[in-house]
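# Summary of the model geometry
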Amino acid sequence: MTHDIPEIVFATNNTHKLSELRAIVGDSLRVLSLADIDCHEDIPETGSTLEENSMLKARWVKDRYGYDCIADDTGLEVEALGGAPGVHSARYAPGEGHDSQANMKLLLKNMEGVENRHARFRTVITLLTDAHGCSVVDGIVNGVISAEPRGENGFGYDPVFVPDEAGGLSFAQMDATAKNDISHRGRATRALMKLLQQF
Ligand code: IMP
């Protein structure tokens, strides 16, 4: 090893998520992706809660690859839909794989004529390390579902989620720093950083 910075795997290949996390942790940790450790498997996410899924992913990496690991799971919970899509957010729309456009389209269809637009993003992060075992933190941002998509930034449901704290902008109309400041994952990640500092 040519440096003293601790390495940790973030169990994702989502470049948006990786750069969001790297921006928050700065130089304190070297964050590796699944591709960086040659993990090209589709890690099963068969849990019925965000907590279970993040734990499954962290455990998969730790058991098979040996790395200390961070794994997250995020859900968009819409009040009028009884918390859906929730743990099924990635595959809300039927069909193969993960199609953000189809997911958003289905969400807007299911919200047609619905007055209560309240929703929240929730991220759960599991940290699994040899030295400290398993810890779980979460982060929440409250907002509303817009009538139609707005903005080009970000990913996933960003164009249809308008956080309460951003003066009416959707997540996709905010730059990455402004989003990180208030987002579910930003909050969960800062809770994770606090935890790491206690170690
Ligand atoms: P995952 O658990 O991070 O894979 O997220 C589950 C689903 O929520 C995926 O469809 C993501 O696109 C979506 N999602 C996660 N985080 C965000 C976000 O910050 N903005 C918009 N959509 C997100």
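Below: a short report on this structure. (Residues numbered from 1 in each chain as written. Predicted model: local features only at pLDDT ≥ 70, side-chain atom pairs only at ≥ 80, totals over all residues. Heavy atoms only, no water.)

### Comments concerning the pattern of salt bridges
Taken as a whole and assessed by the stated rule, the structure comprises 14 salt bridges. Lys57 is the salt-bridge partner of Glu45, the closest N and O atoms lying 3.8 Å from each other. Taken together, the positions of Glu45 in the loop between strand 2 (30-32) and helix 2 (50-65) and Lys57 in helix 2 put the pair 12 residues apart, joining distant regions of the chain. Overall, Glu45 belongs to the partly exposed group, its relative accessible area being 41%. Arg122 is paired through a salt bridge with Glu51; the nearest N and O atoms lie 3.1 Å apart. (Salt bridge = Lys/Arg side-chain N within 4 Å of Asp/Glu carboxyl O. Helix = DSSP H or I, 4+ residues; strand = E, 2+ residues; numbered from the N terminus. Buried < 20%, exposed > 50% of the residue type's maximum accessible area, 1.4 Å probe, protein only.)

### Some points on the packing of helix 1 (residues 15-25) against helix 5 (residues 184-198)
Here helix 1 crosses helix 5 at 45°, and the two axes come no closer than 10 Å. In terms of axis orientation, helix 1 runs oblique to helix 5. As for how helix 1 packs across helix 5, the hand of that crossing is right-handed. Residues Lys17, Glu20, Leu21, Ile24 and Val25 of helix 1 lie in contact with helix 5, whose contacting residues are Arg185, Gly186, Thr189, Arg190 and Met193. (Axes fitted to C-alpha atoms, helices over the stretch in contact; angles between N-to-C directions. Parallel < 35°, antiparallel > 145°, perpendicular 65-115°, else oblique. Left-handed = near helix turned anticlockwise from the far one by under 90°. Contact = heavy atoms within 4.5 Å.)

### Focus: the site of the ligand
Of all residues adjacent to the ligand, which total 14 residues, the nearest are Lys17, Asp73, Asp158, Lys179 and Arg185. Separating a nitrogen atom of the ligand from a side-chain N or O atom of Asp158 is a distance of 2.5 Å. In isolation the ligand offers 470 Å² of accessible surface; the protein chains occlude 94% of this area. When atom positions are compared with the pocket grids, the ligand is found to occupy the largest pocket. (Near = heavy atom within 4 Å. Polar contact = N/O pair within 3.5 Å; in protein donor to acceptor, adjacent residues only side chain to side chain. Areas by Shrake-Rupley, 256 points an atom, 1.4 Å probe, with all protein chains shown as cover. 1 Å grid on protein atoms, 1.4 Å probe; cavity = no way out; pocket = protein on both sides within 12 Å on 5 of 7 lines; lining within 4 Å. Sits in = over half its atoms within 2 Å of the grid points.)

### Focus: the pairing of strand 1 (residues 7-10)
Along any regular strand, the residues point their side chains to alternate faces of the sheet. As paired elements, strand 1 and strand 2 share 3 bridges and run parallel to each other. Paired with Ile8 across the bridge in strand 2 is Val31. Between the parallel pair strand 1 and strand 2, the chain is carried across by helix 1, and the sense of this crossover is right-handed. Pairing analysis gives 2 bridges linking strand 1 to strand 3 (residues 69-78), with the strands arranged parallel. Residue pairing for strand 3: Phe10 is matched across the bridge by Ile70. (Pairing = 2+ DSSP bridges. Right-handed = clockwise from strand over helix to strand, strands pointing away.)

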